[in-house]
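These are the residues of each chain, in order.
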Amino acid sequence: ISWCFNRNSLNDEQRSSLSDAEYERLLEVSKRHQEKLKAEHEAQAKIAQEKARILFESLKALDKDYRHPYLTKKQIYPYGLRLHKETNNLAVPIFNIDGNIVNIQWISPDGEKKFFPSAPVSANFFPIALDIADKHNDEPILIGEGVATMSTVYELTNRACIAAMNCGNISKVAEVIQKKYPNNPIIIIADNDHKNSVNVGLQAAQKTVADL
């Protein structure tokens, strides 16, 4: 539940019982509380981000021909992925726009996906061959949702590819990529969720293109 203290969040009886001075005092208390929570959240995220980076760097890098149940099922190679031996989970490094690891997405052998707790995801991404765009400002950058999708796209195109990790993050990732690479064309790879009553993958892609 998302709730914010203001006059619209109060019922008629509550609004009529509060003087303007009392309302302003409660509004200030609410504001300070929100600022405290935000600071605590940011501190936790920073700690989690550093833990994720250290953990990922301690894991074993995988050869291109390494086989894992998830990689075999999706028929992809482990581009930049590593392995957590104890769990047999793949570790997907999530980077921010400055090139720093800020999170890990774990992928189990049966395809279950989880992020490192409390570490940031929004506007961060998993890149494949992004150095192509660094070297050539006329090269397109392809942005889509998941690791398997964008690994396949890379194998088919040999272009710079980015996995935004979920459809809700595509527009945020596209925004930061466009700022850093203003001259590179951006192509959005839509997940066509046509079997769902609401095609969220296609809608997210269309919205991102409209906003660019």
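Computed from a predicted structure; not experimentally measured. (Residues numbered from 1 in each chain as written. Predicted model: local features only at pLDDT ≥ 70, side-chain atom pairs only at ≥ 80, totals over all residues. Heavy atoms only, no water.)

A. Structural context of the nonpolar core. The biggest cluster of nonpolar side chains holds 24 residues, and the ones touching the most others in it are L90, V92, F126, I128, C161 and M165. Looking at this core, the elements that each hand over two or more residues are α3 (69–74), β3 (89–95), β4 (101–107), β6 (126–128), α5 (147–157) and β8 (160–163). If near-sequence neighbours (up to four positions away) are discounted, L90 is found in contact with L62, H68, Y70, L71, L81, R82, L83, Q105, W106 and I107. Grouped together as the second largest cluster of nonpolar side chains are 16 residues, I141, A164, V173 and Y181 included. (Core = buried A, V, L, I, M, F, W, Y, C linked by side-chain atoms within 4.5 Å. Buried < 20%, exposed > 50% of the residue type's maximum accessible area, 1.4 Å probe, protein only. Helix = DSSP H or I, 4+ residues; strand = E, 2+ residues; numbered from the N terminus. Contact = heavy atoms within 4.5 Å.)

B. Summary view of the sheet that holds strand β1 (residues 60–61). Pairing is antiparallel in the open sheet, where 5 strands are placed in the order β1-β2-β3-β4-β5. Of all strands in the sheet, those with a lone pairing partner are β1 and β5 (113–115), marking the two edges. With 6 bridges connecting them, β3 and β4 associate as antiparallel partners. Pairing of P93 across the sheet is with I104, part of β4. (Pairing = 2+ DSSP bridges.)

C. Fine view of the sheet that holds strand β7 (residues 141–144). Strand order in the open sheet made by the 4 strands is β6-β8-β7-β9, with mixed pairing throughout. Since the sheet does not close on itself, it has two edges, and those belong to β6 and β9 (186–188), each with one partner. Geometrically, the sheet is characterised by an average inter-axis angle of 20° between neighbouring strands, direction not taken into account. In this structure, β6 lies alongside β8, joined through 3 bridges in antiparallel fashion. Pairing of F126 across the sheet is with A163, part of β8. (Axes fitted to C-alpha atoms, helices over the stretch in contact; angles between N-to-C directions.)

D. Highlighting the pattern of salt bridges. Tallied over the entire structure, the rule returns 8 salt bridges. Because the salt bridges share partners, they merge into one network encompassing E50, R53 and E57. (Salt bridge = Lys/Arg side-chain N within 4 Å of Asp/Glu carboxyl O.)

E. Examining the side chain of T208 more closely. Position of T208 relative to the elements: it lies in helix α7 (residues 200–211). A distance of 2.8 Å separates a polar side-chain atom of T208 from the backbone oxygen of A204. (Polar contact = N/O pair within 3.5 Å; in protein donor to acceptor, adjacent residues only side chain to side chain.)

F. Representation of the pairing of β8 within the structure. Of the two faces of β8, both are covered, the one formed by A160 and I162 as well as the one formed by C161 and A163. Here 4 bridges tie β7 to β8, and the two strands are oriented parallel to one another. Note on β8: the bridge partner recorded for I141 is A160. Considered for its hand, the β-α-β crossover made up of β7, α5 and β8 is right-handed. (Right-handed = clockwise from strand over helix to strand, strands pointing away.)

G. The arrangement of the pairing of β4 in detail. With 7 of 7 residues buried, β4 lies mostly within the body of the structure. Joining the antiparallel neighbours β3 and β4 is a turn of 5 residues, in which G99 adopts a positive phi near 85°. Note: β4 against β5, 3 bridges, orientation antiparallel. When the sheet's bridge partners are listed, W106 is paired in β5 with K114.

H. Here's a closer look at the packing of aromatic side chains. Going through the model one piece at a time under the given rule, you end up with 2 aromatic pairs. Put simply, the rings of Y77, Y79 and Y154 pair up and form one aromatic cluster. The ring of Y77 has K64 sitting right over it, with the charged end atom 4.7 Å from the ring centre. (Phe/Tyr/Trp six-rings, centres within 6.5 Å; stacked < 30°, edge-to-face > 60°. Lys NZ or Arg CZ within 6 Å of the ring centre and 35° of its normal.)

I. Structural view of the environment of R15. You can see R15 is positioned in helix α1 (residues 12–17). As a C-alpha pair, R15 and I187 span 172 residues in sequence and 50 Å in three-dimensional space. In this structure R15 touches R7, N8 and L10, once residues within four positions along its chain are discounted.

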